[in-house]
Amino acid sequence: MALYVMKFGGSSVGDTERMKRVAQRVVDKQKEGHQCVVVVSAMGDTTDDLIDQAKLLSEAPPAREMDMLMTTGEQISIALLSIALHELGSKAVSFTGWQAGFRTEAEFGRARITDIDPVRVQQALEDGQIVVVAGFQGMTVEGEITTFGRGGSDTTAVAMAAAIKADVCEIYTDVDGVYSTDPRIVKCARKLNEISYDEMLELANLGAAVLHPRAVEYAKHHQVKLVVRSSFNHNEGTVVKEEVTMEQGVVVSGIAYDKNVARISIIGVSHVPGVLAKVFGSLAAAKIDVDIIVQSGVTDGEADFSFTVALTDRDQALEVLREIREELPYKEVTTEDNLVKVSIVGAGMVSHPGVAAQMFDVISKQGVNISMVSTSEIKVSCVIEAGKLTEVVQALHTAYGLDTSEQAFVGGPKERR
Ligand code: ADP
Ligand code: ASP
Ligand code: MG
């Protein structure tokens, strides 16, 4: 007998028919003699729809109320899945994030888990029940409801798996596993049988939606055995683990892209010590993550510099810059948001000079300008205009020898907003 955490994402529980199929899959697992904790996301596009409704009422809805609103999506899913499990004759019980014991810091919309007390989950398991837990939500010690950030149900699953010492955490989604790049935009993307925590973390941080970055962080830290697989078939998925056998000669193992990018430029700021510290200190105090920073020259004692933030943080970042203008005068601030960050990732890159140069060459051959670059030992990222994203990713995929002749499995259409 093994203890499984099985997480099903939004498209896997997109309607009641799919919900029934998920219920059957869980019951089958239990009949094989295993214990199951199931984590579910909101159905289909529910979370996006809820956000749209709030935006009809306010341009800047309060973060607390947004979490109150968004957590309802997952609560519908847990109740419906539990009902479907009962209908199949199983004993099942649903828990919200807080009932399942998730405590978080008081940071609405992107709360980190501070502690998990899974006592109710464990009691229900001992009782022979299937436990259904709502993804991406928790509660602060003061009793406020919080969410973990978009895509955060993966983190619920992995953190729960660590807390109850599950044997495996399975992430069921709408593709067969982790691919060399998003199989929705590159049809000949290659499915990876295994990937290391570090490479997966890099890909997830750089925009590969298939796993939430914090879920991978958790899995690495607690050495959770993580498998990504499809909820639409029984194909073997991708195992995410510490050590993987490196294929000979593979320099780039994956390509990711992130559309959630905005560039902000500050023009004409005095070139004196402490300017960068002031700007980025203020952004950090507002909990805004800054990604790439470029200083673009000094004229007459005045400097210009640009940086990127998540598009979803742009307005808040502009507000911070307005607040510090008196203390730190600048001529103007400009923004650009029709951008995307494309990244190549590979542990083999360290020992291969010229990988970045090849990337720049491939992108330029697509007639695309690169506006910013950042590198680390195992990745190179370029910010480019969004229009030619598909062509650029496809060209890079071919150039680094990642194309395969097999068609990737993609479970139904999905228009990402
Ligand atoms: P879920 O609703 O199951 O959480 P997500 O939409 O969050 O699903 O994640 C699955 C999607 O991730 C896939 O449909 C695919 O388009 C996208 N994706 C991006 N990069 C990758 C990758 N390298 N491998 C697999 N899927 C990827
Ligand atoms: N429902 C949430 C979202 O759409 C959490 C998740 O699906 O992981 O972001
Ligand atoms: Mg997801």
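Attention here is on the structure that accompanies the text.

The rules we used
- Residues numbered from 1 in each chain as written.
- Chains lettered and ligands numbered in written order.
- Predicted model: local features only at pLDDT ≥ 70, side-chain atom pairs only at ≥ 80, totals over all residues.
- Heavy atoms only, no water.
- Helix = DSSP H or I, 4+ residues; strand = E, 2+ residues; numbered from the N terminus.
- Contact = heavy atoms within 4.5 Å.
- Areas by Shrake-Rupley, 256 points an atom, 1.4 Å probe, with all protein chains shown as cover.
- Lys, Arg positive; Asp, Glu negative; His and termini not counted.
- Charge placed at Lys NZ, Arg CZ, Asp CG, Glu CD.
- Pairing = 2+ DSSP bridges.
- Axes fitted to C-alpha atoms, helices over the stretch in contact; angles between N-to-C directions.
- Near = heavy atom within 4 Å.
- Polar contact = N/O pair within 3.5 Å; in protein donor to acceptor, adjacent residues only side chain to side chain.
- Nonpolar A, V, L, I, M, F, W, Y, C, P; charged D, E, K, R; others polar.
- Buried < 20%, exposed > 50% of the residue type's maximum accessible area, 1.4 Å probe, protein only.
- Salt bridge = Lys/Arg side-chain N within 4 Å of Asp/Glu carboxyl O.
- Left-handed = near helix turned anticlockwise from the far one by under 90°.
- Parallel < 35°, antiparallel > 145°, perpendicular 65-115°, else oblique.
- Core = buried A, V, L, I, M, F, W, Y, C linked by side-chain atoms within 4.5 Å.

**Quick notes on the overall build of the protein**
From N to C terminus, the protein includes eleven helices and 20 strands. Based on the C-alpha atoms only, the size of the protein along its principal axes is roughly 75 × 50 × 35 Å. Within the protein, contacts between residues at least 6 apart in sequence are counted, and of these 75% link residues at least 24 apart. Taken as a whole, the protein presents about 19300 Å² of accessible surface, with 49% of it coming from carbon and sulfur. Here the protein contributes 40 positive and 58 negative side-chain charges, whose respective centroids are spaced 3 Å apart.

**Some words on the sheet that holds strand 15 (residues 290-299)**
Strand order in the open sheet made by the four strands is 15-16-14-17, with antiparallel pairing throughout. Looking at strand neighbours, the two that pair on one side only are strand 15 and strand 17 (332-336), the edges of this open sheet. Along the sheet, successive strands turn relative to each other by an average axial angle of 15°, direction set aside. Sheet topology places strand 14 (residues 262-270) next to strand 17; five bridges connect them, and they run antiparallel.

**A closer look at the site of ligand 2**
By nearness alone, every residue bordering ligand 2 is listed as Ser41, Ala42, Thr47, Glu74, Phe136, Arg150, Gly151, Gly152 and Ser153. One of the side-chain N or O atoms of arginine 150 is found 2.7 Å from an oxygen atom in ligand 2. The backbone of serine 153 places a nitrogen or oxygen atom 3.0 Å from an oxygen atom of ligand 2. In isolation ligand 2 offers 260 Å² of accessible surface; the protein chains occlude 86% of this area. Of the residues in the shell around ligand 2, the class split is two nonpolar, five polar and two charged.

**A few points about the site of ligand 1**
Not every one of the 19 residues close to ligand 1 is listed here, only the nearest: Thr173, Asp174, Asp182, Arg184 and Lys414. Contact between ligand 1 and threonine 173: an oxygen atom at 2.7 Å from a side-chain N or O atom of the residue. The contact in question runs from an oxygen atom of ligand 1 to an N or O atom on the backbone of alanine 209, over 3.5 Å. Burial of ligand 1 by the protein amounts to 91% of the accessible area it has alone, namely 570 Å². Of the residues assigned to the shell around ligand 1, the class counts are seven nonpolar, six polar and six charged.

**Focus: the side chain of aspartate 258**
Relative to the helices and strands, aspartate 258 is located in strand 13 (residues 254-258). Of the side chains with opposite charge, lysine 341 comes closest to the buried, unpaired aspartate 258, at an N-O distance of 5.1 Å. At 2.9 Å, the side chain of aspartate 258 forms a polar contact with the backbone nitrogen of asparagine 260.

**Thoughts on the packing of helix 2 (residues 46-57) against helix 3 (residues 63-87)**
The interhelical angle for the contact between helix 2 and helix 3, taken along N-to-C directions, is 150°, at an axis separation of 9 Å. The chirality of how helix 2 crosses helix 3 is right-handed. Touching Thr46, Thr47, Leu50, Ile51 and Ala54 of helix 2 are Met66, Leu69, Met70, Thr72 and Gly73, all from helix 3. Here the contact of helix 2 with helix 3 is composed, by residue class, of six nonpolar, four polar and no charged.

**Some words on the pattern of salt bridges**
Within this structure, the stated rule accounts for 22 salt bridges. Glutamate 302 is the partner of lysine 331 in a salt bridge, and the nearest nitrogen-oxygen pair spans 2.7 Å. On the criterion of sequence distance, the pair formed by lysine 331 in the loop between helix 9 (314-323) and strand 17 and glutamate 302 in strand 16 (residues 302-309) is long-range, its members being 29 residues apart. Taking relative accessible area as the criterion, lysine 331 reaches 55% and is therefore assigned exposed. A relative accessible area of 27% means that glutamate 302 is categorised as partly exposed.

**Some remarks on the packing of helix 10 (residues 355-365) against helix 11 (residues 389-399)**
When two helices pack together, you describe them by how their axes are tilted relative to each other and by the distance separating the axes. At their nearest, the axes of helix 10 and helix 11 sit 9 Å apart, and the two run at 135° to each other. Relative to helix 11, helix 10 is oriented oblique. Between helix 10 and helix 11 lies a crossing whose hand is right-handed. Contacts from Gln358, Met359, Val362 and Ile363 of helix 10 reach helix 11 at Val392, Ala395, Leu396 and Ala399.

**A few points about unusual backbone geometry**
For phenylalanine 136, which is not a glycine, the phi torsion comes out positive at approximately 60°. Mapped onto the secondary structure, phenylalanine 136 falls in the loop between strand 6 (130-134) and strand 7 (137-139). A positive phi angle is found at glutamine 223, which is not glycine, with a value near 50°. Locating glutamine 223 in the fold gives a position in the loop between helix 7 (213-222) and strand 11 (226-230). The partly exposed category is assigned to glutamine 223, whose relative accessible area is 46%.

**Brief notes about the pairing of strand 12 (residues 238-241)**
Burial along strand 12 is one-sided: the face carrying Thr238 and Val240 is buried and the face carrying Val239 and Lys241 is not. Inspection of the sheet shows strand 10 (residues 194-196) paired to strand 12 by three bridges, in the parallel sense. Bridge assignment links serine 196 to a residue of strand 12, and that residue is lysine 241. In the sheet, strand 11 pairs with strand 12 via three bridges, with the strands oriented antiparallel. Of the residues in strand 12, the one forming a bridge with valine 227 is valine 239.

**Description of the nonpolar core**
Within soluble globular proteins, side chains that are nonpolar generally end up buried alongside one another. Membership of the largest hydrophobic core comes to 46 residues, with the highest contact counts inside it found for Val5, Val37, Phe102, Val121, Ile164, Cys169 and Met200. Top element by residues in this core is helix 5 (residues 153-163). It accounts for six residues. The residues touching valine 37, leaving out its near neighbours within four places in the chain, are Tyr4, Val5, Met6, Val121, Leu125, Val131, Val133, Met160 and Ile164. Val252, Val342, Cys382 and Leu389 belong to the second-largest nonpolar core, a separate cluster that totals 30 residues.

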